[in-house]
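Structure assessment
Now for the letters of each chain:
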Amino acid sequence: MKINTAEFIVSNSDAAKCPKDFLPEYAFIGRSNVGKSSLINMITNHKNLAKTSGKPGKTQLINHFKINNNWFLVDLPGYGYAKVSKKTKSIFQQFITDYFENREQLVCAFVLIDIRHEAQKIDIEFMSYMGESEIPFCIIFTKADKISKGKIDSHIAAYRKQMYANNWAEMPQYFVTSSTESIGKDELLTYIDEVNQEVFKNNSGFLNSI
Ligand SMILES: Nc1nc2c(ncn2[C@@H]2O[C@H](COP(=O)(O)OP(=O)(O)OP(=O)(O)O)[C@@H](O)[C@H]2O)c(=O)[nH]1
Ligand SMILES: [Mg+2]
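Everything numeric in this text was worked out from a predicted model, so none of it was measured. (Residues numbered from 1 in each chain as written. Chains lettered and ligands numbered in written order. Predicted model: local features only at pLDDT ≥ 70, side-chain atom pairs only at ≥ 80, totals over all residues. Heavy atoms only, no water.)

Some remarks on the packing of aromatic side chains
Rules: Centres within 6.5 Å make a pair out of two Phe, Tyr or Trp rings, where for Trp the six-membered ring is used; the pair is then stacked when the planes are under 30 degrees apart, edge-to-face when over 60, and tilted otherwise. Numbering of helices and strands runs from the N terminus; a helix is a DSSP stretch of H or I covering at least four residues, while a strand is a stretch of E covering at least two.
Applying the stated criterion across every chain yields a total of 14 aromatic pairs. Between Phe 141 and Tyr 159 the ring centres are 5.3 Å apart and the planes differ by 80 degrees, which places this aromatic pair in the edge-to-face class. With a gap of 18 residues between them, Phe 141 in strand E6 (residues 137-142) and Tyr 159 in helix H5 (residues 149-165) connect regions that are remote in the sequence. Through successive ring pairs, a cluster of aromatic residues spans Tyr 26, Phe 28, Trp 71, Phe 110, Phe 175 and Tyr 191.

Spelled out as C-alpha cells, the structure:
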C-alpha cells in the first residue's frame, strides 16, 4: 500500500473525544521509548508527524493520524515509565484503558517490543490483558538495526520460547522493523491493507462510513 496522505487530526486524553469517523484504526502501544512514534513516522514517510524523543515519556496523549483519508494510525503513550506508573499505580492511565476497552474502530493493536531484550513481565502482562479483552494484536519487534542480521532469528526464537513459558499457545503474528533503516515497512503496510480490505468487506458499520 502506498501512503499518499498522512495528517495529524487530534490529541486528547479522553477516549470519548477521539474522532467520530467510523474508519478502521491501528494503535501503537508498548514500553516508553520502544519506538512507537518513530515507527509511525517511518511507515508514513514523515520525519516529524509523530513527536519522538530519546527520553522516555514523550507521547502523553492519544494521537490520531488519518492515512489516505481512509484509516487511522494511533500513537499512544508508553507504559512502564516510572514517573507515570507511580502516579497512576497501574501500567496505564485510565484514559488508555478506556480507549482499548471502548474504541469500536480499533481493529488491531501493534504491541512494540525492543528486539534486543528478553521478554519483559510488563509486556507479557499487557499481551495477556489484550487476550482477555479480546483485542486483536500483533507484535512488532523494533530497533532491528541494533543487532546483527544473523541474530534476528535467534532473538525471535528466544522470545517465542518465553511466550510459551508464559502459557501462550502460539506466538502472535509478528513483524521485524527498524525505523532508522526502514526495515519492515512494506510488510506492515501490506498487512494493514489486507485487514482494511477485510473490514470494509465484512463489516457493514465500516462500509456505511465510506
Ligand atoms: N536505532 C534505532 N533507534 C530508534 C528506532 N526507533 C526509535 N529509535 C529511537 O528510540 C528513541 C525513542 O523513540 P520514540 O519513537 O520517541 O519512542 P516511543 O515509544 O514513541 O516513546 P514514548 O512516546 O516516550 O513512549 C528515540 O531516540 C528514537 O530515535 C530504531 O528503529 N532504531
Ligand atoms: Mg512516542
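Notes on the site of ligand 1
We apply this condition: Nearness here has a simple test: a residue counts as near a molecule or strand if at least one of its heavy atoms is within 4 Å of that partner. Residues adjacent in sequence count toward polar contacts only when both atoms are side-chain atoms; beyond that, a polar contact is any pair of N or O atoms within 3.5 Å, and within protein one must be able to donate a hydrogen and the other to accept it. Computed with the Shrake-Rupley method and a 1.4 Å probe, the accessible areas treat only the protein chains shown as cover for residues. Side-chain classes are defined by residue name, with Ala, Val, Leu, Ile, Met, Phe, Trp, Tyr, Cys and Pro counting as nonpolar, Asp, Glu, Lys and Arg as charged, and the others, Gly among them, as polar.
In the neighbourhood of ligand 1, 22 residues make up the surrounding shell, with Lys 36, Ser 38, Gly 57, Asp 145 and Ser 179 lying closest. Interatomic distance of 3.4 Å between a backbone N/O atom of Gly 78 and an oxygen atom of ligand 1. Separating an oxygen atom of ligand 1 from a side-chain N or O atom of Lys 143 is a distance of 3.0 Å. Burial of ligand 1 by the surrounding chains reaches 86%, relative to a free accessible area of 660 Å². Across the shell around ligand 1, the residue classes tally to two nonpolar, 14 polar and six charged.

Here we look at the UniProt feature "binding site: Mg(2+)" in the protein
Which entries qualify depends on this criterion: UniProt positions are given in the numbering used here, feature names are shortened, and annotations may be inferred rather than shown by experiment. Buried, partly exposed and exposed residues are distinguished by accessible area as a fraction of the type maximum, computed with a 1.4 Å probe on protein chains only: under 20%, between the cut-offs, and over 50%, respectively. Two residues form a contact once any of their heavy atoms are found within 4.5 Å.
What UniProt calls "binding site: Mg(2+)" maps, in this numbering, to Ser 37 and Thr 59. Annotated residues spanning 23 residues; largest pairwise C-alpha distance 7.8 Å, indicating a single compact cluster. Among the structural elements, Ser 37 can be located in helix H1 (residues 36-44). A relative accessible area of 7% means that Ser 37 is categorised as buried. Every residue in contact with Ser 37, bar those within four places of it in the chain, is listed here: Ala 50, Lys 51, Thr 52, Thr 59 and Asp 75. As for its position among the elements, Thr 59 is in the loop between H1 and strand E3 (62-67). Overall, the relative accessible area of 14% leaves Thr 59 in the buried class. Not counting chain neighbours up to four residues away, the residues in contact with Thr 59 comprise Ser 37, Lys 51, Asp 75, Leu 76, Pro 77 and Gly 78. Within the structure, the side chain of Thr 59 is placed 3.0 Å from the side chain of Ser 37, a separation counted as a polar contact.

Re the state of the cysteines
Under the convention used in this document: By convention in this document, the label disulfide applies to cysteine sulfur atom pairs within 2.5 Å.
In the structure shown here, the tally under the stated rule is zero disulfides. The thiol sulfur of Cys 108 is not disulfide-bonded, and the nearest other cysteine sulfur, from Cys 138, lies at 3.9 Å. On the basis of relative accessibility, which here comes to 3%, the residue Cys 108 falls in the buried class. Overall, the relative accessible area of 1% leaves Cys 138 in the buried class.

Looking at H5
Put simply, the rule reads: Expected span of a helix, by definition, is 1.5 Å for each gap between consecutive residues, and there is one gap fewer than residues. Arc definition: directions from the helix axis to the C-beta atoms.
The terminal C-alpha atoms of H5 lie 26 Å apart, and with 17 residues this matches the ideal 24 Å at 1.5 Å per residue to within 8%. By the burial criterion, the buried members of H5 are Ile 152, Ile 156, Tyr 159 and Met 163. All buried residues of H5 lie within an arc of 60 degrees about the axis, which places them on one face of the element. Residues of H5 that are exposed and angled more than 90 degrees away from the buried face: Gly 150, Asp 153, Lys 161 and Ala 165.

Let's talk about the sheet that holds strand E1 (residues 6-12)
Applicable threshold: Two strands qualify as a pair provided that DSSP identifies no fewer than 2 bridges between them. Lines fitted to C-alpha atoms define the axes, with helix axes restricted to the stretch in contact, and inter-axis angles between N-to-C directions lie between 0 and 180 degrees.
If you walk across this open sheet you meet the seven strands as E1-E3-E4-E2-E5-E6-E7, and the pairing is mixed. A single partner strand is all that each edge strand has here, and the edge strands are E1 and strand E7 (174-176). For this sheet the average axis-to-axis angle between neighbouring strands, irrespective of direction, equals 25 degrees. Where strand E5 (residues 106-114) and E6 come together, six bridges link them in parallel fashion. Considered in E6, the bridge of Val 111 is made with Ile 139. Sitting on the sheet, helix H4 (residues 121-132) is in contact with strand E2 (25-30), E5 and E6, with an inclination near 165 degrees to E5.

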